[in-house]
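Secondary and tertiary structure notes
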2 protein chains.
Amino acid sequence: MNISDVAKRAGLPAKTIRYYEEIGLVKPPRDTNGYRAFRESDVHKLAFLSRARALGFTIEDCRTLLTLYEDKTRASADVKELASAHLHKIEDKIAQLQSMRDTLSELVQSCAGDDRPDCPILKDLAARGSPA
Amino acid sequence: MNISDVAKRAGLPAKTIRYYEEIGLVKPPRDTNGYRAFRESDVHKLAFLSRARALGFTIEDCRTLLTLYEDKTRASADVKELASAHLHKIEDKIAQLQSMRDTLSELVQSCAGDDRPDCPILKDLAARGSPA
DNA sequence: CCTTGACCTTCCAGTGACAGGAACCCTTAT
DNA sequence: ATAAGGGTTCCTGTCACTGGAAGGTCAAGG
């Protein structure tokens with residue numbers, strides 16, 4: 001199967017698939033004309049990667065997940081640990097963004113948003129931390 | 001004032017300050033020995049940038065905010081619009097992360113995390129979208 | 001046989017916002 | 001004189017791609 005069909009089936013851009021090959025995540029054989037000839041197993045792997053990436057796992061995490069996936073003697077604890085660590089990072093990130101959102105939301109609400117120059121948003125950026 | 005003192009006062013690494021100069025956000029004059037000689041106005045600008053970055057504004061947004069800050073005839077509406085747009089992006093990002101978190105959280109909870117290979121996390125990554 | 005268009009290939013550059021490190025200069029204290 | 005602790009520039013690397021140029025391949029139509 002050629003790359004554009006694989007792209008559709010895996011839900012990944014062709015460029016991304018080439019990149020994944022470059023970094024060794026998939027190793028499709030080649031036709032005599034030099035085209036990548038994807039097997040079903042390659043498509044399956046790529047779909048796996050697509051879903052793992054959609055859950056925010058890094059490429060290196062994905063590499064590990066693929067290895068675990070293919071290792072039939074894996075311990076589910078290893079997978080769970082990886083996923084848990086990632087979950088914590090996401091939760092940290094959410095908390096951080098929520099904090100930004102709360103501050104920003106207040107600032108936006110406090111700004112008149114008219115044609116006058118007076119602006120609490122700029123005032124806050126200029127003065128926070130240095131009370132004058 | 002030398003860069004490391006400015007770094008402390010503005011709450012930014014020296015490397016970052018040099019980078020901000022490189023991209024034209026600050027333009028400190030130089031001493032005869034080649035050292036950057038920061039003025040109070042430079043420190044003030046850098047502190048402004050530090051706070052804007054902490055709220056997640058991009059560098060280009062920061063550049064615009066600085067321009068607006070220094071333009072005493074600005075309309076607060078322009079500032080508010082920029083901040084609102086940024087707020088929406090943050091909210092989108094939060095929603096996206098929360099969706100990841102919800103999925104991941106379920107998967108992690110459903111995984112035994114012992115020494116057996118059976119793992120719902122890997123199963124989900126392999127099979128989601130292709131019901132078998 | 002030729003062309004057209006849609007594929008495919010590789011390779012190079014750019015993204016955002018820095019961080020790390022090498023190699024070297026300046027200042028101050030001992 | 002030297003050593004420590006500033007400062008400087010310049011180059012590379014990060015992360016996960018994306019865009020684009022230059023060129024090979026294939027199937028269909030005239």
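Heads up: these notes are all about the structure in this document. (Residues numbered from 1 in each chain as written. Chains lettered and ligands numbered in written order. Predicted model: local features only at pLDDT ≥ 70, side-chain atom pairs only at ≥ 80, totals over all residues. Heavy atoms only, no water.)

1. Topic: the overall build of chain A
- When its secondary structure is counted, chain A shows 6 helices and 0 strands.
- The C-alpha radius of gyration computed for chain A amounts to 23 Å, which surpasses the reference 14 Å derived for 132 residues by more than 25%, pointing to a less compact arrangement than a globule.
- Dimensions of chain A, computed from the C-alpha atoms along their principal axes, are close to 70 × 40 × 20 Å.
- Burial statistics for chain A: of 132 residues in total, 41% are counted as buried.
- Pairs at least 24 apart in sequence give 40% of the contacts found in chain A among residues at least 6 apart.
- About 7,300 Å² of surface is accessible on chain A, with carbon and sulfur atoms providing 51% of the total.
- The distance from the centre of the 21 positive side-chain charges to the centre of the 20 negative ones in chain A is 6 Å. (Helix = DSSP H or I, 4+ residues; strand = E, 2+ residues; numbered from the N terminus. Rg over C-alpha atoms; globule rule 2.2 N^0.38 Å. Buried < 20%, exposed > 50% of the residue type's maximum accessible area, 1.4 Å probe, protein only. Contact = heavy atoms within 4.5 Å. Areas by Shrake-Rupley, 256 points an atom, 1.4 Å probe, with all protein chains shown as cover. Lys, Arg positive; Asp, Glu negative; His and termini not counted. Charge placed at Lys NZ, Arg CZ, Asp CG, Glu CD.)

2. Some details on the protein's contact with DNA strand C
- Within the structure, DNA strand C sits among 19 residues, and Ser4(A), Arg36(A), Lys15(B), Tyr20(B) and Arg53(B) are positioned closest to it.
- Within the side chain of Tyr20(B), one N or O atom sits 2.5 Å away from a phosphate oxygen of DNA strand C.
- When contributions to the surface near DNA strand C are tallied by element, the ones reaching two or more residues are α1 (3-10) and α2 (14-22) of chain A together with α2 (14-22) of chain B.
- Here the surface near DNA strand C takes 4 residues from α2(B), the largest share from any one element.
- Classifying every residue of the surface near DNA strand C by side-chain character gives 7 nonpolar, 6 polar and 6 charged. (Near = heavy atom within 4 Å. Polar contact = N/O pair within 3.5 Å; in protein donor to acceptor, adjacent residues only side chain to side chain. Nonpolar A, V, L, I, M, F, W, Y, C, P; charged D, E, K, R; others polar.)

3. A word on α2(A)
Residues and elements named next belong to chain A.
- Taken together, the buried positions of α2 are occupied by Ile17, Tyr20 and Glu21. Down the axis, α2 shows its buried residues gathered within 100° of arc, on one side only. Turned more than 90 degrees from where α2 packs its buried face, Lys15 and Glu22 sit exposed.
- Close packing links the buried residues of α2 with α1, α3 (40-54) and α4 (59-70). (Arc of directions from axis to C-beta.)

4. Observations regarding the protein's contact with DNA strand D
- For DNA strand D, the set of nearby residues contains 19 residues, the closest of which are Lys15(A), Tyr20(A), Arg53(A), Ser4(B) and Arg36(B).
- Sugar and phosphate atoms form 66% of the subset of DNA strand D atoms that lie within 4 Å of the protein.
- Lys15(A) is positioned such that a nitrogen or oxygen atom in its side chain is 2.3 Å from a base oxygen of DNA strand D.
- Contact between DNA strand D and Tyr35(B): a base nitrogen at 3.0 Å from a side-chain N or O atom of the residue.

5. Comments concerning the interface of chain B and chain A
- Of the residues lining the interface, 51 residues belong to chain B; the matching set on chain A comes to 51 residues.
- Buried area between chain B and chain A, summed over both chains or domains, comes out near 4,400 Å², and the portion from carbon and sulfur atoms is 73%.
- Linking chain B with chain A are 0 salt bridges, by the criterion used here.
- On the surface where chain B and chain A come into contact, there are 16 residue pairs in polar contact (both at pLDDT 80 or more).
- Broken down by secondary-structure element, the contributors of at least two residues to the side of chain B that touches chain A are α3 (40-54), α4 (59-70), α5 (76-110) and α6 (120-127) of chain B.
- By residue number, the principal contributor to the side of chain B that touches chain A is α5(B), which donates 21 residues. (Buried area = accessible area lost by both parts, 1.4 Å probe. Salt bridge = Lys/Arg side-chain N within 4 Å of Asp/Glu carboxyl O.)

6. Here we look at the packing of aromatic side chains
- Under the criterion given, the structure shown has 4 aromatic pairs over all chains.
- Geometrically, the ring pair formed by Tyr19(B) and Tyr20(B) is tilted, given 6.0 Å between the ring centres and 50° between the ring planes.
- Owing to a relative accessible area of 5%, Tyr20(B) belongs among the buried residues under this scheme.
- Looking at Lys72(A), its charged tip hangs above the ring of Tyr69(A), at a distance of 4.9 Å from the centre. (Phe/Tyr/Trp six-rings, centres within 6.5 Å; stacked < 30°, edge-to-face > 60°. Lys NZ or Arg CZ within 6 Å of the ring centre and 35° of its normal.)

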